[in-house]
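Here's the letter readout for the chains.
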Amino acid sequence: SPLSPLPHSQEVPCGKNNMRETAQFPFVSEACWAPGSEGRNNRPLRLAIQKGEIENKSLRYLRLLGWNMSPLAKESRTVFAEVSPGLKVFKLRIGDILSGLTMGALDAAIIGADGVLEAQLSDPSCPIVPVRNLRFGGCHFCIGFPDSIQTPREESDAVKLFQTAQIATSLPRALTYLFERRGVTIDPANVRTMSGSVEAGVELFGAGLIADRVSSGNTMSANRLRPDYQLIEFPGAYLVTTKTFLE
């Protein structure tokens, strides 16, 4: 299961207006992989960091490990650099990271927990293995309500709304999966998949609701949306690699 237990993690109980849980993923001991490991075919190790929300914190994490990350500073247009002998770091979008790991072009990556879950749900044979939770970049996956829709007071009314409204999201499989875990079936035809700027889904596609990652809630608020239902709490970014690399 994509939500198999992670040591020392705890489920967050569901409740009224609080349909949430803590994301949990398969765990592999960090002893299986360590910075400085050799890449495939004796080439430098290739590590990718996900562009976007966790980019700066990922750069800072690698800098604290002693590597010179200045060539990849966020204001720089450089997307890859050899930050130390034997280690190349790439800044990539999540789709390119997943493709690179699957094809063997990348050896490891730092990606958000939401990307891990969506990848595992998209492909049961997904080769990506979470190695360590890095404890930064945590967020919540919430249902956002526009000003035109009142937040339901009763759980039954909320379920009815979720089953009938069009929902814009960048995590379609995670959305349907998390609802199914609560006995709520979402029609895939009502899910509008977006690659980013999900807050625009209401205005652009006429979606009734959105489902998106929330850190402070400021972006939703700026776009007249309210994150009134939390589906899951993502614990932070993960260092991931592949089954092949661990063998």
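Each chain has its residues counted from 1, running along the sequence as written. Reporting in this predicted model follows two pLDDT cut-offs: at least 70 for local features of residues, and 80 or more for side-chain atom pairs to be given and counted; totals over whole chains, interfaces and linings ignore these cut-offs and use all residues. Side-chain descriptors were evaluated using all non-hydrogen atoms of the structure, hydrogens and water having been removed beforehand.

1. Things to note about the overall build of the protein
A count of helices and strands for the protein gives eight helices and 11 strands. Residue exposure (1.4 Å probe, protein chains only): buried if accessible area is under 20% of the type maximum, exposed if over 50%, otherwise partly exposed. Across the 247 residues of the protein, 50% fall into the buried class. Note on definitions: a residue-residue contact is assigned when non-hydrogen atoms from the two residues lie within 4.5 Å. At a minimum sequence separation of 6, the contacts of the protein that also span at least 24 residues come to 72%. Only carbon and sulfur atoms are counted for the fraction: they give 49% of the accessible area of the protein, which is about 12,200 Å². Elements are defined by DSSP. Helices are runs of H or I of four residues or more, strands are runs of E of two residues or more, and each kind is numbered from the N terminus. Each accessible area is a Shrake-Rupley result for a 1.4 Å probe, and residues are judged covered by the shown protein chains and nothing else.

2. With respect to the packing of helix α3 (residues 113-122) against helix α5 (residues 172-180)
At a minimum axis distance of 8 Å, the contact between α3 and α5 shows a crossing angle of 80°. Judged by the angle between their axes, α3 and α5 are roughly perpendicular. Contacts from L117, E118, L121 and S122 in α3 reach P172, R173, A174 and Y177 in α5. In the contact of α3 with α5, the residues fall into five nonpolar, one polar and two charged. Angles run from 0 to 180 degrees between N-to-C directions of axes, and those axes are lines fitted to C-alpha atoms, restricted for helices to the stretch in contact. Angular relationships are summarised with four words: roughly parallel below 35 degrees, roughly antiparallel beyond 145, roughly perpendicular across 65 to 115, and oblique for the angles in between. Each residue gets one of three labels, nonpolar for Ala, Val, Leu, Ile, Met, Phe, Trp, Tyr, Cys and Pro, charged for Asp, Glu, Lys and Arg, and polar for the others, Gly among them.

3. Focus on the confidence of the model for the protein
When the pLDDT values of the protein are averaged, the result is 83; 83% of them are 70 or greater. pLDDT: the predictor's confidence for each residue, scored from 0 to 100. The least confident element of the protein is helix α8 (residues 243-246), whose mean pLDDT is 87; the most confident is strand β7 (residues 167-169), at 97.

4. Concerning the sheet that holds strand β4 (residues 108-111)
A pair of strands is treated as paired once DSSP finds two or more bridges between them. With respect to topology, six strands assemble into an open sheet ordered β2-β3-β1-β4-β11-β5, the strand pairing being mixed. At either margin of the open sheet sits one strand with a lone partner, and together these are β2 (80-84) and β5 (128-133). Strand after strand, the sheet turns through a mean of 25° between neighbouring axes, direction not considered. Here β2 runs beside strand β3 (residues 87-92); their pairing, made up of four bridges, is antiparallel. Pairing of F80 across the sheet is with F90, part of β3. Helix-sheet contacts for helix α1 (residues 55-64) involve β1 (45-50), β3, β4 and β5, and the interaxial angle to β1 is about 145°.

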